[in-house]
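The chain contents come next:
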Amino acid sequence: MGQRLFRAKTKIRDGGIQFEIPQERDLPGAARCRAGSYLRCLRNQLDDMFGIDPRGRDLAEEAIWLARVLLQLMPSEAEVQGLLALMLHSESRRSARRALDGRYVPLSEQDPKQWSLPLIEEAERHLAEGFKRGRSGRFQLEAAIQSVHSERAHTGRTDWAAIALFYEQLVHISPALGTRVGYAAAVAEAEGPEAGLAVLESIDRDAVADYQPYWAVRAHLLQR
């Protein structure tokens, strides 16, 4: 990595490359594809940046800033709106993820009063703007799931049927293991543990042999 950075700096210096932020009209299709890779990279680091480790706060703030910059460059990209909304929803709950004794607090047990309403409201604005584009993507659907969870701050309840519906759409777009396990958990909350187990049974056992979240959800549903 050090060598790559050195070569990049050398190229910038020798080529006299200026640090200029391009306008949206200057971003051809290839750059938009690269932006898609960038969004996926940011999303893949989401748990580390917005997780329970307090050391991730600086990274989370940097990631949100980068997403805002990308939104300024590509304001018509719905998925940029979706990823920023997802990040803001995640960051809004940071202070509620740890109890006073340091114990991790799952989302379903968190006190909504500890969530940041300004961040939630901003996330909702970006999510609404993204859906206006009429092109629902992975990040928008993930943000929509978090949006439903955030409604508990106002209603005191979680609409699991809506979450299961968003997960079902997400599975069609991105049938990753985490998505399918999340769908099973949502279905279990909406329709009962037997329905959730049926979804888990549809997943190839070889694919989840070493995937801990699958077995944790399965154990939880069997216990129920």
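Residues numbered from 1 in each chain as written. Predicted model: local features only at pLDDT ≥ 70, side-chain atom pairs only at ≥ 80, totals over all residues. Heavy atoms only, no water.

Visitor: Is there a simple way to think about the environment of Ile17 in this case?
Guide: The topology assignment puts Ile17 in the loop between helix 1 (2-15) and helix 2 (29-44). When residues no more than four places from it in sequence are discounted, the contact partners of Ile17 are Lys11 and Ile12. (Helix = DSSP H or I, 4+ residues; strand = E, 2+ residues; numbered from the N terminus. Contact = heavy atoms within 4.5 Å.)

Visitor: How should the nonpolar core be read in this particular structure?
Guide: Of all hydrophobic cores here, the largest spans 23 residues; its most connected members are Ile163, Tyr167, Tyr183, Leu200, Ile203, Tyr214 and Leu221. Contributing elements (two or more residues each) for this core: helix 7 (138-150), helix 9 (160-173), helix 10 (177-191), helix 11 (193-201) and helix 12 (212-223). Other than its neighbours up to four places away in sequence, Tyr167 contacts Ile145, Thr179, Gly182, Tyr183 and Ala186. Of all hydrophobic cores here, the second largest spans 20 residues; its members include Ala67, Val69, Phe139 and Ala143. (Core = buried A, V, L, I, M, F, W, Y, C linked by side-chain atoms within 4.5 Å. Buried < 20%, exposed > 50% of the residue type's maximum accessible area, 1.4 Å probe, protein only.)

Visitor: Even after reading the chapter, I still don't get the pattern of salt bridges, so can you show me in this structure?
Guide: This model, assessed by the stated rule, comprises nine salt bridges. Here Arg218 ties to Glu201 by a salt bridge, and the two come within 2.8 Å at their closest N and O atoms. Here Arg218, found in helix 12, pairs with Glu201, found in helix 11; they are 17 residues apart in sequence, far enough to count as distant. Here Glu201 falls in the partly exposed class, since its relative accessible area comes to 46%. Salt bridges here are not isolated pairs; linked through shared partners, they connect Glu201, Arg205 and Arg218. (Salt bridge = Lys/Arg side-chain N within 4 Å of Asp/Glu carboxyl O.)

Interpretation note: all reported values are geometric properties and have no functional meaning in isolation.
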